[in-house]
Amino acid sequence: MTAPLLQLSLDDLLTTTRTVRKRLDFARPVDRDLIQTCIGIATQTPNGSNQQFWHWMVVDDPELKAKVADIYRAGMGDQVANPGWMKDIDYTPLDQQRIAESVGWLASRIQDAPALVIPVIDGRVEGANLFTQASLWGSILPAVWNFMLALRARGLGSAWTTVHLHRAREMATLLGIPHESTTQAGLFPVAYTHGTDFRPARRRPAREVTYWNGWKRTVDS
């Protein structure tokens, strides 16, 4: 199955591909061939030495999705109990409250997504040097972003989630992923979106985060 491409410029596509939660349409089926097409686009990204060590676990069986969702929610519980660097986030601003509310909504409904996709890369990073770690992540995360762009271009969306990685071994056991020799990169619910009118997000200006010829902020125009 093919889906018509949205009329988006390249810059529009790049700046309006969002993490989507409450606007995911869980009532509308997504054809397997469409997901496969987006994975095919994802695998066109550069990767370390062109080794193509990626794998894409797609779960669309309802009973299995429910079990995946249970592990996801357990991982979220682990994150709440031990927030790590996120402990310093101020959740009082309205924007943060909205994010927290939508995260909770997705956790309660994630099993209803037409498909759940887990990108996997061969190799483990534990104890590896910085080069090896960067090479591994750099060989899967660009592909994941291409996957999200391909979905957006066809009127679908997803959310980049990572909390289940607290229970990565449990997820690997459930899905037959070889945990000792591979690394899961996240979990992505896939669905059409309610509407396609996404906008660029509020971000810090590029001038504030760009450095020229040394670690200092540039003040000249």
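Up top is the structure these notes are about.
All of the points below concern the structure found in this document. Every value quoted in this text rests on a predicted model; they were computed, and no experiment measured them.

Judged by nonpolar contacts, the single largest core of 26 residues is most densely connected at Ile35, Trp56, Val117, Ile140, Phe147, Leu156 and Val190. If you tally residues by element for this core, the top one is helix H6 (residues 141-153), at six residues. Filtering out sequence-adjacent residues up to four positions away, Val117 remains in contact with Ile35, Trp56, Met57, Val58, Phe147, Gly186, Leu187, Phe188 and Val190.

We now examine the pattern of salt bridges. A full pass over the atoms with the stated rule returns 10 salt bridges. Arg73 is the salt-bridge partner of Asp70, the closest N and O atoms lying 3.0 Å from each other. Pair noted here: Asp70 and Arg73 are both in helix H3 (residues 62-81), with a separation of three residues, about one helical turn. For Arg109, the salt bridge identified is with Asp112, shortest N-O distance 2.6 Å. Since its relative accessible area comes to 30%, Asp112 is described here as partly exposed. The network of salt bridges with common partners includes Asp78, Arg167 and Glu170.

Of the pockets and cavities examined, the second largest pocket occupies roughly 180 Å³. The wall of the second largest pocket is formed by 14 residues, among which Gly48, Phe53, Ser135, Leu136 and Ser139 lie closest to the centre. Those elements that place two or more of their residues in the lining of the second largest pocket are strand E3 (115-122) and helix H5 (130-138). Grouping the constituent residues of the lining of the second largest pocket by class yields four nonpolar, nine polar and one charged.

Attention now moves to the packing of helix H2 (residues 32-42) against H6. Where H2 meets H6, the axes come as close as 8 Å, and the angle between the chain directions of the two elements is 135°. When the interaxial angle is binned, H2 and H6 end up oblique. Crossing angle aside, the handedness with which H2 passes H6 is right-handed. Contact with H2, carried on its side by Ile35, Cys38, Ile39, Ile41 and Ala42, involves Ala143, Asn146, Phe147, Ala150 and Leu151 of H6 and no other residues of that element. Considering only residue class, the contact of H2 with H6 consists of nine nonpolar, one polar and no charged.

Calculation notes
- Every chain is numbered independently, its residues counted from 1 as its sequence is written.
- Only residues with pLDDT of 70 or above have their local features reported here, since the model is predicted, and side-chain atom pairs are shown and tallied only from 80 upward, although totals for entire chains, interfaces and linings are computed over all residues.
- Computation of side-chain values: all heavy atoms of the structure, hydrogens and water removed.
- Residues belong to a common nonpolar core when they are buried Ala, Val, Leu, Ile, Met, Phe, Trp, Tyr or Cys residues joined through side-chain atoms within 4.5 Å.
- When a residue's accessible area, from a 1.4 Å probe over protein chains only, is under 20% of the maximum for its type it is buried; when over 50% it is exposed; and in between it is partly exposed.
- Here a strand is any run of E in DSSP of at least two residues, a helix any run of H or I of at least four, and the numbering for each starts at the N terminus.
- Here, residues are in contact when the closest pair of their heavy atoms is within 4.5 Å.
- Any carboxyl oxygen of Asp or Glu that lies within 4 Å of a side-chain nitrogen of Lys or Arg is treated as forming a salt bridge with it.
- Cavities and pockets are defined on a 1 Å grid built over the protein atoms alone: a cavity is a set of grid points where a 1.4 Å probe fits but cannot escape, while a pocket is an open set with protein on both sides within 12 Å along at least five of seven lines, and lining residues are those with an atom within 4 Å of any such point.
- Grid points are joined across faces, edges and corners, and a volume is the space filled by probe spheres set on the points.
- When residue character is reported, Ala, Val, Leu, Ile, Met, Phe, Trp, Tyr, Cys and Pro are called nonpolar, Asp, Glu, Lys and Arg charged, and the others, Gly included, polar.
- Interaxial angles span 0 to 180 degrees and are taken between N-to-C directions of axes, which are lines fitted to C-alpha atoms, for helices over the stretch in contact.
- The scheme is simple: roughly parallel for angles under 35 degrees, roughly antiparallel for over 145, roughly perpendicular for 65 to 115, oblique for anything else.
- Handedness of a crossing follows from how the near helix is turned relative to the far one, being left-handed for an anticlockwise turn of less than a right angle and right-handed for a clockwise one.

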